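# Observations on chain architecture
The chain contents come next:
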Amino acid sequence: MASLTFLGAARTVTGSKYLLEHGGRRVLFDCGLFQGLKELRLRNWDEFPVRPDSIDAVVLTHAHLDHVGYLPRLVAQGYRRRVFCTGGTADLCRLVLPDAGRIQEEDARQANRHGYSKHQPALPLFGEADALRALTQLQPLGYRRPIDVAPGITVEFVPAGHLLGSAYVLARLGGARTILFGGDLGRYGRPVLPDPEDAVDADLVLVESTYGDRDHADDDGGQALAEVIGETVRRGGKLIIPAFAIGRVEELLYWMRRLEEERQIPVMPVYVDSPMATEALRFYTARVSELDPDMRPEQKGVAIFGSARFQTIASPQQSKELTASRRSAIVISSSGMATGGRVLHHMAAALPDPKNTMLFVGYQAAGTRGRLLVDGAREVRIHGRQIAVAARIVRIDSMSAHADRGEILRWLGTLPRRPGRLCLVHGEPGPMDALKALITDRLGWDPQTPAHAERIDV
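Definitions and limits used
- Sequence order sets the numbering: in each chain, residues are counted from 1 along the sequence as written.
- Restriction of local features to residues with pLDDT of at least 70 applies here, the model being predicted, together with a cutoff of 80 or more for giving and counting side-chain atom pairs; totals for whole chains, interfaces and linings are based on all residues.
- To obtain the side-chain values, all non-hydrogen atoms of the structure were used and water was disregarded.
- Residues enter a nonpolar core if they are buried and are Ala, Val, Leu, Ile, Met, Phe, Trp, Tyr or Cys, with the set joined through side-chain atoms within 4.5 Å.
- Accessibility here uses a 1.4 Å probe with only protein chains present; expressed as a share of the type maximum, an area under 20% marks a residue as buried, one over 50% as exposed, and anything in between as partly exposed.
- Here, residues are in contact when the closest pair of their heavy atoms is within 4.5 Å.
- By salt bridge we mean one thing: a side-chain nitrogen of Lys or Arg within 4 Å of a carboxyl oxygen of Asp or Glu.
- In DSSP terms, a helix is any run of H or I states spanning at least four residues, a strand is any run of E spanning at least two, and both are numbered starting from the N terminus.
- Here a strand pair is declared whenever DSSP counts at least two bridges between the two strands.
- Axes, fitted as lines to C-alpha atoms, cover a helix only where it is in contact. Angles between the N-to-C directions of the axes lie from 0 to 180 degrees.

## Some points on the nonpolar core
Ranked by internal contacts, the top residues of the largest apolar core, which has 102 residues, are Phe 29, Leu 60, Leu 206 and Ile 332. If sequence neighbours within four positions are ignored, Leu 60 has contacts with Asp 30, Cys 31, His 67, Val 68, Leu 71, Val 83, Phe 84, Cys 85, Thr 89, Cys 93, Leu 138 and Phe 157. Listed in part, the 24 residues of the second largest apolar core include Leu 185, Ile 408, Leu 409 and Trp 411.

## A closer look at the pattern of salt bridges
Counted according to the given criterion, the structure contains 30 salt bridges. The closest approach of N and O atoms between Arg 405 and Asp 215, which form a salt bridge, is 3.4 Å. Linking Arg 405 in helix H12 (residues 405–412) with Asp 215 in the loop between strand E11 (204–208) and helix H6 (223–235), this pair joins segments that are 190 residues apart in sequence. The class for Asp 215 is partly exposed, based on a relative accessible area of 43%. Among the charged side chains, a salt-bridge network with shared partners connects Asp 91, Arg 94, Arg 287 and Glu 290.

## Remarks on the sheet that holds strand E7 (residues 147–150)
The strand order across the open sheet formed by six strands is E7-E8-E9-E10-E11-E20, and the pairing between neighbours is mixed. The open sheet has two free edges, formed respectively by E7 and strand E20 (421–425), since each of these has just one partner strand. Within this sheet the neighbouring strands show an average axis-to-axis angle of 25°, counted without direction. Relative to strand E8 (residues 153–159), E7 runs antiparallel, the two sharing three bridges. Bridge pairing in E8 places Ile 147 opposite Val 155. Across the sheet, H12 lies against strand E9 (167–173), strand E10 (177–181), E11 and E20, angled at about 160° from E11, the strand it touches most. Across the sheet, helix H13 (residues 429–443) touches E11 and E20, and the angle it forms with E20 is around 155°.

What follows is the structure, encoded as structure tokens:
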């Protein structure tokens, strides 16, 4: 008998971790950080429910921190075996994991320096050295190449269209039962990345429900973004866009280049103030064969993304000068939910001025600064200070890399047969329950919504 324990992304959108136990072996699918609400973030500090050195393999669906960010912590606690992922995921992990370690260390230093932590001393969850150790355990694999990750457990990666290197994972247990780990499901008909591939036959299917209660706005050819840019320019302000350094930045730059070429927006400075995002652009262009066919293969380097006055910001000093500048410009910086990184300095400087605009283009988890702002907060705490919010706050969901309810149903409809069991994961209770009702109504299936730490038989 095999079992699956939901150690994260169960009735919440972060912390993806699913522990498969079969034939005396253990394989962990995804190894993500909890983000957002404090009660969730505290779970990152809990003792792992099984000894990390008892796990035979880790398998990653993609490189976002809520799917890979706990890996350095797991390694620091004794995990020493291989971490299986696609080549694109391995590339991006080499960016996000050391950066996450540095941010953890810097946040602890800041808290200790300014005394705004309840812990004395404040400690990082993991450090850069832990992240670098974890990278040595990565085992990149190609798509559609089955491999035994433990005796009696075979996995295969299939493109999911969510992020460079993203995949859903088919696990075969002893050549009989099958589990489909959906990871994060991409969009249909979006630029930069290809559509998710059709689902494959499985006895148990896990699918995300992040946007299970809504459909994204129809593709407007970038009109909403053009209007936000135009309005900000007319006010003489700055447009600050918190964006995930991998994935979202690339689509933003695609649209800015296109809108500029179509003369729907003025030619103006566009800055990417994120060393990680700059490196990610290089990985995307190096793997152009994995991108959507509408990208321009005849162009080389980051030129396939850059607009006329596109510039990357490298040094902290350049970042400080850009933060202090009052010239009208577009600044794209991470993190996407405004939980850390250089974007916080831009926000602290820009939020009090009504000429400026703060644009959110991705999901904002409960408890994050991004969520507070889109929900109408009139002040937010940044680096221990309360910052007044006078800038215009705008949200555009059409750029989300997560499938909406219609796209989730479309993907489920590609399953060759009804699965024996369908579990909804990676969603807050409201959207998850709405999707459950929709699937029951439209498909006649009865999805389950496992709770945190719930264990089911496979």
